[in-house]
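Working through the structure, step by step
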Amino acid sequence: MITVNNVSMNFSGQTLFKDVELKFVPGNCYGIIGANGAGKSTSIRLMTGQLFADSGKISVLGLAPVKEAVALRLRLGYVAETERLFDFLTPPELFAFLKHFFPDWSDRRATELLHRFRLPADKKIGSFSRGMYAKTALITVMARRPELVILDDPALGLDTVSRSDFMTQLIESIQEYEHTILLSSHLISEVEGVCDHVGIL
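Residues numbered from 1 in each chain as written. Predicted model: local features only at pLDDT ≥ 70, side-chain atom pairs only at ≥ 80, totals over all residues. Heavy atoms only, no water.

**A look at the overall build of the chain**
Which entries qualify depends on this criterion: Every helix listed is a DSSP run of H or I at least four residues long, and every strand listed is a run of E at least two residues long, numbered separately from the N terminus. The globule rule used for comparison is 2.2 Å times the number of residues to the exponent 0.38, while the radius of gyration itself is calculated over C-alpha atoms. Partly exposed residues are those whose accessible area sits between 20% and 50% of the maximum for their type, while under 20% is buried and over 50% is exposed, using a 1.4 Å probe and protein chains only. Should any heavy atoms of two residues lie within 4.5 Å, those residues are counted as being in contact. Residue-level accessible areas treat just the shown protein chains as cover; the underlying method is Shrake-Rupley with a 1.4 Å probe.
Each helix and strand in the chain was counted, giving 7 helices and 8 strands. In terms of overall dimensions, the chain is globule-like: its C-alpha atoms have a radius of gyration of 17 Å, near the 17 Å expected for 201 residues. With respect to the principal axes defined by its C-alpha atoms, the chain has extents near 50 × 35 × 30 Å. Considering the chain as a whole, with its 201 residues, one finds that 47% of them fall into the buried category. Pairs at least 24 residues apart make up 70% of the contacts formed inside the chain by residues separated by at least 6 positions. Accessible area for the chain stands at about 10,100 Å²; split by element, carbon and sulfur atoms hold 55% of it.

What follows is the structure in structure tokens.
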């Protein structure tokens, strides 16, 4: 599903990590935890083709993340740490826009999740709270059936209650998936109830 072979990455003149070896097999939920600045988001950006590694090789779904970025994005569901949506749209308007880019998009699934997450369908996304915004971003992935789902600290910035509610609903949604999931967080308590395997940076 994902292989990382001897990957090294330098940032601002410092070595962020060196000769990293990782292997993720299909059908599991993986967690990456570590303090802020440990390299979680950088690792994910390498896997999703947003950054070049200084050395080594990365393969995701059998594809080179940078060279085969378009093919990868059609098979990958990804929510970034600082995900930005189209704030001037309502959720249904956003979903109607996205469905044209993803053949595996399900209107029924998007509507079900909108109701499950208790999100208003008639309000602009830009007016949402941080928690509502995060749930909307999650729907843009879970309304599809990607082979691999990558969530980069999706509950970042939420207060304790909102974060707990978000993670509960995330777990409920993940249980309906049969594919591979990679979740990053800086909180052990978040990944321990979700992930089959956890790595620490």
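On we go from here.
**A look at the pattern of salt bridges**
Should their charged atoms come close, side chains of opposite charge can pair. Stated formally: Within this document, salt bridges are pairs made up of a side-chain nitrogen of Lys or Arg and a carboxyl oxygen of Asp or Glu, the two lying within 4 Å of each other.
On inspection of all chains with the given rule, the structure shows 6 salt bridges. For Glu 147, the salt bridge is made with Arg 75, and the minimal N-O distance between the two is 2.7 Å. One end of the pair, Glu 147, is in the loop between α5 (130-142) and β6 (148-152); the other, Arg 75, is in helix α2 (residues 69-75), with 72 residues separating them in the sequence. Residue Arg 75 is classed as partly exposed on the basis of its relative accessible area of 28%.

**Comments concerning the packing of aromatic side chains**
To be explicit about the condition: In this analysis, rings of Phe, Tyr and Trp, with Trp reduced to its six-membered ring, are considered paired at centre separations within 6.5 Å, and the interplanar angle assigns stacked below 30 degrees, edge-to-face beyond 60, and tilted for intermediate values.
All chains considered together, the criterion is met by 5 aromatic pairs. Plain terms: the ring middles of Phe 86 and Phe 97 are 5.2 Å apart, the flat faces sit at 80 degrees to each other, and that makes the pair edge-to-face. On the criterion of sequence distance, the pair formed by Phe 86 in the loop between β5 (76-79) and α3 (91-98) and Phe 97 in helix α3 is long-range, its members being 11 residues apart. Residue classification places Phe 97 among the partly exposed positions, given a relative accessible area of 35%.

**Focus: the nonpolar core**
A general tendency of soluble globular proteins is for nonpolar side chains to be buried together. Counted only if it meets this: The criterion is simple. A nonpolar core is a set of buried Ala, Val, Leu, Ile, Met, Phe, Trp, Tyr and Cys residues joined through side-chain atoms within 4.5 Å.
Among the nonpolar cores identified, the biggest contains 38 residues, and Ile 139, Phe 166, Leu 170 and Leu 183 are the most heavily contacted of them. When residues of this core are traced back to their parent elements, those giving at least two are β3 (29-33), α3, α4 (107-116), α5, β6, α6 (160-174) and β7 (180-185). With 7 residues, the single largest contributor to this core is α5. The residues contacting Leu 170, other than those within four sequence positions of it, are Leu 138, Leu 151 and Leu 183. Listed in part, the 20 residues of the second largest apolar core include Ile 58, Leu 63, Leu 148 and Ile 150.

**With respect to the sheet that holds strand β4 (residues 55-60)**
So the rule is basically this: One requirement defines pairing of two strands: DSSP has to find at least two bridges between them. Only the contacting stretch of a helix is used when fitting its axis, a line to C-alpha atoms as for every element, and angles between N-to-C directions run 0 to 180 degrees.
Pairing in this open sheet of 3 strands is antiparallel, and the strands run β2-β1-β4 from one edge to the other. Among the strands making up the open sheet, the edge pair consists of β2 (14-24) and β4. Sheet twist, expressed as the average angle between the axes of neighbouring strands with direction ignored, equals 25 degrees. The pairing of strand β1 (residues 2-11) with β4 spans 5 bridges and is classified as antiparallel. Bridge assignment links Thr 3 to a residue of β4, and that residue is Ser 59.

**Remarks on α6**
Definition in use: Given a helix with a known number of residues, its expected span is that number minus one, times 1.5 Å. Our arc is simply the arc of the directions from the helix axis toward the C-beta atoms.
Between its first and last C-alpha atoms α6 spans 21 Å; for 15 residues at 1.5 Å apiece the expected length is 21 Å, and the two agree. Of the positions making up α6, those classed as buried are Arg 163, Phe 166, Met 167, Gln 169, Leu 170, Ser 173 and Ile 174. Seen from one end, α6 has its buried residues packed into an arc of 165 degrees, which puts them on one side. Set apart from the buried face of α6 by more than 90 degrees, the exposed residues are Thr 160 and Val 161.

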